[in-house]
Amino acid sequence: MRILGIIPARGGSKGIPGKNIKPLNGLPLIAYTIAQAAESGLLDRVIVSTDDESIAKCAKEYGADVPFMRPAELATSTSGSLDFILHAIEELEKQGETYDAVCLLQPTSPYRPEGTIDAAIRQYRSGKGRSLVSVRKVPAHYNPYWTFLDQDGSLVPSVPGPLITRRQDLPQAYHRDGAIYLLNVAFMRKEGRLLSEDLSGFEIESPELINIDSPEDWQIAEKYIGDVARS
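The following refers to the structure shown. What you are looking at is a predicted structure, and each value in this text was computed from that prediction instead of being measured.

Let us now look at the pairing of strand β7 (residues 148-151). Relative to strand β8 (residues 154-157), β7 is paired through four bridges, and the arrangement is antiparallel. Within β8, the residue paired with Q151 across the bridge is S154. Counting the residues that bridge the hairpin from β7 to β8 gives two residues, and of these D152 lies at a positive phi of roughly 55°.

Below, the structure is given as structure tokens:
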């Protein structure tokens, strides 16, 4: 199984301007994911997909491969991940390279424990699912069996059926953390979507979830990564 690592980094971020190359604890944000991908022994190739020349220049300075630029129409705030992934696959096929799966590594998740990418790939290769996402456990008080939806001013259980009252009886729930996606190329092309019905989850157990979408997230990441560096 040939696996292509893709680090997506478009320009034009509105929430945090210049986010992908903004210094986080002394390094551009994208540099953390580039370094983690470079340490993988199971990715056949890793590329950065970007429409921005400044990001491309920065990525290359930190050792990344930027074999082509992403078209502007695939780098808007409303563009989907599927489009730029298939664009990357098609561009590499023109160069004679084919891949069975894609490992999507978003720069907005700058902290992945050492060995996490390869551990996820090993699970993906040994499993039956065509898609895999990294996940974390949902605390009991956020379990979907204990949450409610607002329907016309009334609260109704998120999960239909009898309410589970004992914490010990709750099934374990998980949420995607955004750090790793493993995606089957043939499935994406045929079905036009990223995740298959036979989706599997790879649990990440590090204590801090770092997923940067806002200035507040940035401050949390700055502190946590600084603490890790000093430990």
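Don't stop here, the text continues.
Let us look at the packing of aromatic side chains. Tallied over the full model, the rule gives one aromatic pair. When the centroid spacing of 5.3 Å and the interplanar angle of 80° are considered together, the rings of Y111 and Y224 count as edge-to-face. Pair noted here: Y111 is in the loop between β5 (101-104) and α4 (116-126) and Y224 is in helix α6 (residues 215-230), with a separation of 113 residues, a long-range link. Classification of Y224 as buried rests on a relative accessible area of 15%. When the ring centre of W218 is taken as reference, the NZ or CZ atom of K22 above it lies at 4.7 Å. One Lys or Arg, R70, reaches over the ring of F84 and ends 4.1 Å from the middle of that ring.

What follows covers unusual backbone geometry. Look at N25: it is not a glycine, yet its phi comes out positive at around 55°. With respect to the secondary-structure elements, N25 resides in the loop between β2 (23-24) and β3 (27-28). Judged by its relative accessible area of 32%, N25 falls in the partly exposed class. The phi dihedral of D152 is positive, around 55°, even though this residue is not glycine. Within the secondary structure layout, D152 lies in the loop between β7 and β8. Using a relative accessible area of 85% as the deciding quantity, one classes D152 as exposed.

On to the sheet that holds strand β1 (residues 3-8), then. Paired through their backbone hydrogen bonds, the strands of a sheet run either parallel or antiparallel. Spatially, the six strands line up as an open sheet ordered β4-β1-β5-β9-β6-β10, and their pairing is mixed. Edge positions in the sheet fall to β4 (45-49) and β10 (199-203), since each has one partner strand and no second. Adjacent strand axes in the sheet meet at a mean angle of 30° when their direction is disregarded. Sheet analysis places strand β6 (residues 131-137) next to β10, joined by five bridges and oriented parallel. Looking at the pairing, V135 lines up with E203 of β10. Contacts from helix α1 (residues 29-39) reach β1 and β4, with the element oriented near 170° to β1.

Let us look at the nonpolar core. Among the nonpolar cores identified, the biggest contains 27 residues, and I30, L43, V48, C103, L105, I180 and L182 are the most heavily contacted of them. Of all the secondary structure elements, the ones that give two or more residues to this core are β1, α1, α2 (53-61), β5, α4 and β9 (174-184). Residues within four places of I180 in sequence aside, it is in contact with C103, L104, L105, R112, T116, I117, A120, L132, V133 and S134. Counting residues in hydrophobic clusters, the runner-up holds 20 residues, among them F84, L86, V185 and M188.

We now examine the pattern of salt bridges. Counted under the stated rule, the structure contains 12 salt bridges. Its salt-bridge partner being R45, residue D65 comes within 2.7 Å of it at the nearest N-O pair. Of this pair, D65 sits in the loop between α2 and α3 (81-94) while R45 sits in strand β4; the two residues are 20 residues apart in sequence, bridging distant segments of the chain. Overall, the relative accessible area of 18% leaves R45 in the buried class. Between E61 and K57 there is a salt bridge whose closest N-O contact spans 2.7 Å. Residue E61 and its partner K57 are located together in helix α2, separated by four residues, close to a single helical turn. A residue is classified by how much of its surface remains accessible, and K57, at 53% relative accessible area, is exposed.

Thresholds, definitions, all that
- Along every chain, residues carry numbers that run from 1 in the direction the sequence is written.
- With the structure being a predicted model, the display of local features is reserved for residues of pLDDT at least 70 and the display and counting of side-chain atom pairs for 80 or more, all residues being used for whole-chain, interface and lining totals.
- Side-chain numbers here rest on the full set of heavy atoms in the structure, without hydrogens or water.
- Two strands pair under a simple rule: DSSP has to find at least two bridges between them.
- Helix and strand definitions follow DSSP, with helices as H or I runs of at least four residues and strands as E runs of at least two, each counted in order from the N terminus.
- Planes of paired rings set the category: under 30 degrees apart is stacked, over 60 is edge-to-face and the rest tilted, where pairs are Phe, Tyr or Trp rings (Trp by its six-membered ring) whose centres lie within 6.5 Å.
- Three exposure classes are used, based on accessible area relative to the maximum for each residue type with a 1.4 Å probe and protein chains only: buried under 20%, partly exposed in between, and exposed over 50%.
- Note on criteria: charge over ring means Lys NZ or Arg CZ within 6 Å of the ring centre, with the direction from the centre no more than 35 degrees off the ring normal.
- Structural elements are reduced to axes, namely lines fitted to C-alpha atoms, with helices fitted over the stretch in contact, and the angle between N-to-C directions of any two is expressed from 0 to 180 degrees.
- Whether two residues are in contact is decided by their heavy atoms, any of which lying within 4.5 Å being enough.
- Working definition of a nonpolar core: buried Ala, Val, Leu, Ile, Met, Phe, Trp, Tyr and Cys residues. They are joined through side-chain atoms within 4.5 Å.
- Only one rule defines a salt bridge in this text: a Lys or Arg side-chain nitrogen within 4 Å of an Asp or Glu carboxyl oxygen.

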